[in-house]
Amino acid sequence: MSRRCELTAKGPQVGHTVSHSNIKTKRRFLPNLVNVTFISEALGRNVRLRVSTSAIKSVDHNGGLDPFLIKAKAAVLSPRALELKRAIQKKVGPTPAPEKKAS
């Protein structure tokens, strides 16, 4: 199983453990991933995803899974999340482009 968040694409980072004598040993910093069940209002069903805890906060901040996925860039999402995004966009309809202000 991949250690990568399905919504934000957070993955492992590489760094050093530094001892008291300043000896550096390579180590990996793994993201805090949890299995979460989100509710998709547009699709009318529950969706299980493996996401980072910071992604859960981002989903809550954006008002739920549907608005988060609509706003998210396709390059960052996992194949499963991208499939969900397309299904939600099909149900909800196209999102209007932001209007430019005249200066």
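Undergrad: Please provide a residue-by-residue account of the pattern of salt bridges, values included.
TA: Inspection of every chain in the model, using the stated rule, returns one salt bridge. In this structure, Arg-80 engages Glu-6 in a salt bridge whose closest nitrogen and oxygen atoms are separated by 3.6 Å. Of the two residues, Arg-80 sits in helix H3 (residues 79–92) while Glu-6 sits in the segment before strand S1 (13–18), which places them 74 residues apart along the sequence. In this structure Arg-80 comes out as partly exposed when scored by relative accessible area, which is 44%.

Undergrad: Any chance you could break down the pairing of strand S2 (residues 24–29) for me, citing the residues and the numbers?
TA: Relative to S2, S1 runs antiparallel, the two sharing six bridges. Of the residues in S2, the one forming a bridge with Thr-17 is Thr-25. Between S1 and S2, which pair antiparallel and follow one another directly, the connecting turn spans five residues, one of which, Asn-22, has a positive phi of 70°.

Undergrad: So, the environment of Leu-82: which residues are in play, and what are the values?
TA: With respect to the helices, strands and loops of the structure, Leu-82 is situated in helix H3. By relative accessible area, which is 17% here, Leu-82 ends up buried. Residues Leu-82 and Leu-7 lie 75 residues apart in sequence; the distance between their C-alpha atoms is 9.1 Å.

Undergrad: Explain the side chain of Asp-66 to me, and be specific about the residues and the numbers.
TA: Along the polypeptide, Asp-66 turns up in helix H2 (residues 65–71). The side chain of Asp-66 is buried and forms no salt bridge, while Arg-45, the nearest opposite charge, is found at 9.2 Å. A polar side-chain atom of Asp-66 sits 2.9 Å from a polar atom in the side chain of Ser-40. A polar atom in the side chain of Asp-66 sits 3.0 Å from the backbone nitrogen of Glu-41. Aside from chain neighbours lying at most four places away, what touches Asp-66 is Ser-40, Glu-41, Ala-42 and Ile-88.

Undergrad: Pulling in residues and values, what's your account of unusual backbone geometry?
TA: Phi is positive for Ala-9, close to 60°, though the residue is something other than glycine. Its place among the elements puts Ala-9 in the segment before S1. Positioned with a positive phi, Asn-22 is a non-glycine residue whose angle comes to about 70°. On the basis of relative accessibility, which here comes to 48%, the residue Asn-22 falls in the partly exposed class.

Reading guide: rules and limits
Residues numbered from 1 in each chain as written. Predicted model: local features only at pLDDT ≥ 70, side-chain atom pairs only at ≥ 80, totals over all residues. Heavy atoms only, no water. Salt bridge = Lys/Arg side-chain N within 4 Å of Asp/Glu carboxyl O. Helix = DSSP H or I, 4+ residues; strand = E, 2+ residues; numbered from the N terminus. Buried < 20%, exposed > 50% of the residue type's maximum accessible area, 1.4 Å probe, protein only. Pairing = 2+ DSSP bridges. Lys, Arg positive; Asp, Glu negative; His and termini not counted. Polar contact = N/O pair within 3.5 Å; in protein donor to acceptor, adjacent residues only side chain to side chain. Contact = heavy atoms within 4.5 Å.

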